[in-house]
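# Tertiary structure, described
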Amino acid sequence: MDFKKTYIGRVIYSLVSLTTGLKTTLIEFFTPKVTEQYPENRKTQHISERHRAMLYMSLDENGNNKCIACGLCANTCPNGTITIKTKMVTDEETGKSKKVLEEYTYDLGCCMFCQLCVNVCPKDAIAFNNKYENAVFDRSKLVIKLNK
Amino acid sequence: MEMSTNLLIFSGLALLMAAAAIAAVTTSRIMRAVTYLLFVLFGTAGLYFMLHYTFLGAVQIIVYAGGIVVLFIFAALLIGKGIIDVTHTSKLRYLAGVLASMSGLAIALYLIVNTTFITDKFTTDGVPMTVVGSALMGTAKHNYVLTFEVLSILLLACMVGAIMIARKK
Amino acid sequence: MFDFSTITTAIDQFLRDIMPSQAALLVECVLVALCAVLAYVMFAIVMIFMERKVCAAFQCRLGPMRVGPWGLLQVFADVFKMLIKEIISINNSDKVLYNLAPYLVVMSSVLTFCCLPFGEGLLVLDFNIGIFFIMAASSFGVLGILLAGWSSNNKFSMIGAVRSGAQMISYELSIGICLLTIVVMSGTMQISELVEAQRDGWFIFKGHLPAVIAFIIYLIAGNAETNRAPFDLPEAESELTAGFHTEYSGMHFGFFYVAEFMNLFIVAGIASTLFLGGWMPLHISGFDSFNTIMDYIPGVIWFLGKTFFVIWVLMWIRWTFPRLRIDQVVSLEWKYLVPIGLLNLLIMTLCVVMGWIF
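Residues numbered from 1 in each chain as written. Chains lettered and ligands numbered in written order. Predicted model: local features only at pLDDT ≥ 70, side-chain atom pairs only at ≥ 80, totals over all residues. Heavy atoms only, no water.

Attention shifts here to the overall build of chain B. The helix and strand tally for chain B stands at 7 helices and 0 strands. From first element to last, N terminus to C terminus, chain B shows the α and β order α-α-α-α-α-α-α. Across the 169 residues in chain B, those meeting the buried criterion constitute 21%. By sequence separation, contacts in chain B at least 24 residues apart represent 53% of the contacts at least 6 residues apart. (Helix = DSSP H or I, 4+ residues; strand = E, 2+ residues; numbered from the N terminus. Buried < 20%, exposed > 50% of the residue type's maximum accessible area, 1.4 Å probe, protein only. Contact = heavy atoms within 4.5 Å.)

Within chain A, the regular secondary structure consists of 3 helices and 5 strands. Computed over C-alpha atoms, the radius of gyration of chain A comes to 28 Å, more than 25% over the 15 Å expected from 2.2 N^0.38 for 148 residues, which places it beyond the range of a compact globule. Along the first, second and third principal axes, the C-alpha set of chain A runs to 95 × 40 × 30 Å. By the burial criterion, 24% of the 148 residues in chain A qualify as buried. Sequence-distant contacts in chain A: of pairs separated by 6 or more residues, those separated by 24 or more amount to 66%. Total accessible area on chain A is roughly 10,900 Å²; 55% of this is exposed by carbon and sulfur atoms. Here chain A contributes 21 positively and 16 negatively charged side chains, and the mean placements of these two sets differ by 8 Å. (Rg over C-alpha atoms; globule rule 2.2 N^0.38 Å. Areas by Shrake-Rupley, 256 points an atom, 1.4 Å probe, with all protein chains shown as cover. Lys, Arg positive; Asp, Glu negative; His and termini not counted. Charge placed at Lys NZ, Arg CZ, Asp CG, Glu CD.)

Residues and elements named next belong to chain A. Two strands pair when backbone bridges link them, and strand E2 (residues 82–90) and strand E3 (residues 97–107) are joined in this way by 9 bridges, in the antiparallel orientation. Bridge pairing in E3 links Thr83 to Thr105. Between the end of E2 and the start of E3, which pair antiparallel, lie 6 residues, with Gly95 showing a positive phi angle near 85 degrees. The sheet contact formed by E3 and strand E5 (residues 143–145) spans 3 bridges and is antiparallel. Residue pairing across strands places Asp107 opposite Val143, the latter belonging to E5. (Pairing = 2+ DSSP bridges.)

This part takes up the sheet that holds E5 of chain A. Sheet strands associate in pairs through backbone hydrogen bonding, adopting either a parallel or an antiparallel arrangement. Residue and element names in this part refer to chain A. Reading across the sheet, the 3 strands line up as E2-E3-E5 and stay open at both edges, with antiparallel pairing between neighbours. If you trace the sheet from one side to the other, it starts and ends with E2 and E5, each paired once. Averaged over all adjacent pairs, the angle separating strand axes in this sheet is 25 degrees, with direction ignored. (Axes fitted to C-alpha atoms, helices over the stretch in contact; angles between N-to-C directions.)

As a further point, take the interface of chain C and chain B. In this complex, chain C contributes 29 residues to the contact, which on the side of chain B involves 29 residues. A buried area of about 2,500 Å², summed over both sides, lies between chain C and chain B, and 81% of it is on carbon and sulfur atoms. Ranking the residues of chain C by area buried against chain B places Gln22, Leu143 and Trp150 of chain C at the top, with a combined share of 22%. On inspection of chain C and its partner chain B, the count reaches 0 salt bridges. Connecting chain C to chain B are 0 residue pairs in polar contact (both at pLDDT 80 or more). At 6 residues, helix H4 (residues 95–113) of chain C tops the list of elements feeding residues into the side of chain C that touches chain B. (Buried area = accessible area lost by both parts, 1.4 Å probe. Salt bridge = Lys/Arg side-chain N within 4 Å of Asp/Glu carboxyl O. Polar contact = N/O pair within 3.5 Å; in protein donor to acceptor, adjacent residues only side chain to side chain.)

Before going further, it helps to examine the environment of Asn75 of chain A. Take Asn75 of chain A: it is sitting in helix H2 (residues 72–76). A C-alpha to C-alpha distance of 9.8 Å links Asn75 of chain A and Val120 of chain A, two positions 45 residues apart in sequence.

For residues other than glycine, phi is negative in most cases, and the peptide bonds are mostly trans. All names here are of chain A. The backbone phi angle of Phe113 is positive, close to 55 degrees, even though this residue is not glycine. Here Phe113 lies in the loop between E3 and helix H3 (116–120). Of note, the phi angle at Asp124 is positive, near 50 degrees, even though the residue is not glycine. Within the secondary structure, Asp124 sits in the loop between H3 and strand E4 (126–129). Given the relative accessible area of 53%, Asp124 is considered exposed.

What follows covers the interface of chain C and chain A. In this complex, chain C contributes 18 residues to the contact, which on the side of chain A involves 19 residues. With both sides pooled, the region where chain C packs onto chain A buries about 1,700 Å², and carbon together with sulfur makes up 69% of that total. Counting the contacts that link chain C with chain A gives 1 salt bridge. One salt bridge in this structure joins Glu40 of chain A and Arg66 of chain C, with 3.2 Å as the shortest N-O distance. The tally of links between chain C and chain A comes to 8 residue pairs in polar contact (both at pLDDT 80 or more). When residues of the side of chain C that touches chain A are traced back to their parent elements, those giving at least two are helix H2 (21–58), helix H14 (299–318) and helix H15 (326–354) of chain C.

Moving on to the arrangement of the chains. Interchain contacts are distributed over 2 pairs of chains, and the most extensive set of them lies between chains B and C. You won't find any contact between chain A and chain B; their C-alpha atoms come no closer than 20 Å.

It is worth spelling out the domain arrangement of chain A at this point. Accessible area lost upon the coming together of the parts serves often as the stated size of an interface. Each assigned domain of chain A is listed with its residue range as follows: domain 1 (1–34) and domain 2 (54–145). Domain 1 of chain A and domain 2 of chain A are separated by 58 Å when their C-alpha centres are compared. (Domains from an automatic or database assignment.)

For Thr226 of chain C, the location among the structural elements is in the loop between helix H10 (208–225) and helix H11 (237–240). What Thr226 of chain C contacts, discounting residues up to four positions off in sequence, is Glu260, Asn263, Leu264 and Val267 of chain C.

A few words now on the pattern of salt bridges. Evaluation of the coordinates by the stated rule reveals 7 salt bridges over all chains. Taking the shortest distance from any N to any O, the salt bridge between Glu133 of chain A and Arg42 of chain A comes out at 2.7 Å. Here Glu133 of chain A, found in the loop between E4 and E5, pairs with Arg42 of chain A, found in the loop between helix H1 (7–30) and strand E1 (54–57); they are 91 residues apart in sequence, far enough to count as distant. Residues Arg323 of chain C and Asp232 of chain C are paired through a salt bridge, measuring 2.9 Å at the closest nitrogen-oxygen approach. Of this pair, Arg323 of chain C sits in the loop between H14 and H15 while Asp232 of chain C sits in the loop between H10 and H11; the two residues are 91 residues apart in sequence, bridging distant segments of the chain.

Next up on the list: H2 of chain C. Relative to the 56 Å expected for 38 residues at 1.5 Å per residue, H2 of chain C spans 54 Å between its end C-alpha atoms, a close match to the ideal helical length. Positive phi appears at Cys60 of chain C, one or two residues downstream of H2 of chain C, with a value of about 65 degrees. (Expected span 1.5 Å × (residues − 1).)

Moving on, we come to a nonpolar patch on the surface. Residue and element names in this part refer to chain A. Together, Phe3, Tyr7, Ile8, Ile12, Tyr13 and Val16 make up a nonpolar patch on the protein surface, roughly 570 Å² of accessible area in all. Looking at the element boundaries, Ile8 is found in helix H1. Judged by relative accessible area, Ile8 falls into the exposed class, the value being 55%. (Patch = residues over 30% accessible without salt bridge, like charges linked within 9 Å, V, L, I, M, F, W, Y side chains within 5 Å.)

In this section: the side chain of Asn223 of chain C. The topology assignment puts Asn223 of chain C in helix H10. Ignoring any residue separated from it by four or fewer positions in sequence, one finds Asn223 of chain C in contact with Arg228, Ala229, Pro230, Phe231, Leu314 and Ile317 of chain C.

Here is the structure:
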């Protein structure tokens, strides 16, 4: 007869296994706690770099962006979050007319942060940053113009 | 002074018991009747505590409260919904009930009137635990080992029967 | 050691001086009841706070932190919320029993609470059969639970109540056997004498192996008696919504809640009285200077310290193990705890007869 299956064996082995469980939780009791105390810990809290909180356009010091107004992002967006207004500008040197971005509007309230727009952009003009405190009192404030 | 405080507590308990007893027999719902019976039993336990017979008082609570639990389970589970509310009683039953309770009252009154109470043997210190224990287990005169054993055999028979019924074939 | 009976005797003398003894007795009854109920509620509040913090710590959280410093006022906020909530009455329920049930549960728990020895002379009920009275008083709490389940007119409540009945009646047996083991060892049932007998060493050290086994069985059975996890199947949230108190709201639910916590306190208090010496400081015979130092710590602190340690252990168990099934609950009791407890009682009797206890 297997000792583990006898009456006494069962008592002893169940006590051992219960003790293992108790040991696990006891270690957990003394480990540092993971709770983030949000509004107080703004200075120390760590938000992952790749956290997608809001779309932005990287602008250089003159306020120029890399956008070529191709409209791929607006077309890919499943929710129609992005609207692009373009205008035709004639280059003075070559005399060719070129489509230029006039207004890049992003509706944060519709965005589901799927990152398809960022992936599809051929010029890496747009990206997500991790600034997550976006609460506002009015829905219209969520519609943001990204270019300057 | 001491006597009148006792009298006050006694009358309080007696009133509680009488009221609960009347409520127990007059209510038409069996669960309520059982609960009122519980208060009668609590009152009895209170009387024992008043007499400083704490052992019997605790036994009263532990045995009869346990008994009431059993009654609850029987009343709630084994009795059908139709029988829980007893509203139909024939006149013959009513008369029989009155006769039975009246004869009970008569016997009790006869005993109370005709008994001389041995008040001088009454102690307020309570009975020591060891005396109760050795009386329960003793074989001498006025000791209870035979009763104790007979009861334990009865309970053993009940347990064997319960196991036989509950066992899977 | 400071004797609290000097204070109580002084109050008694003062009252007897200014009024007839009968009125003094009445005033004392009211005062004692008031103190007991106040202490009961205060301990319940402390325990609810402790439960939240300990539970949080076991789950690597911080627990309530917002209301007051470290969330200290959270429980008061909860109590206030519960007090102002409406008490709902249920259609087709037995109104009388429905309203009576919470009071029965609280009554049983307050009666048992009064038997705990908080310090020398700080003990409300001290019969010569104290332990037996504790068993009796705690045994009719299950009546309130059964009544609550039945009168709610709800099948979940009923199932919870019947489960609770089966569980509490079974586990009372184990508790009784464990208490009996200690009674066999000490030869008395009076609580003050039990504590006094541990002056030269706590029973768990004096009784060595059988006392330790009895202590473990008592903790398991006591946990079951309070209907807490892993024995919380009378109120199993995932199956029965809230078990027997599903239909209760407001303070009626509050009574069940408080009584559950106080039953935990009582179980821990009895464990510390019977096994860990009650209010008696840690004494090691032979080390007189050590004993004198230990005597400087008041008995109330010793009692509360031990009790809250046992409560912490029970909470540790609660937040570690998953819930048992009803067949596992019953087979644990009848196949394991009762036979082992009876054998343990036999060993203890043998030890006492042979003089193997210290």
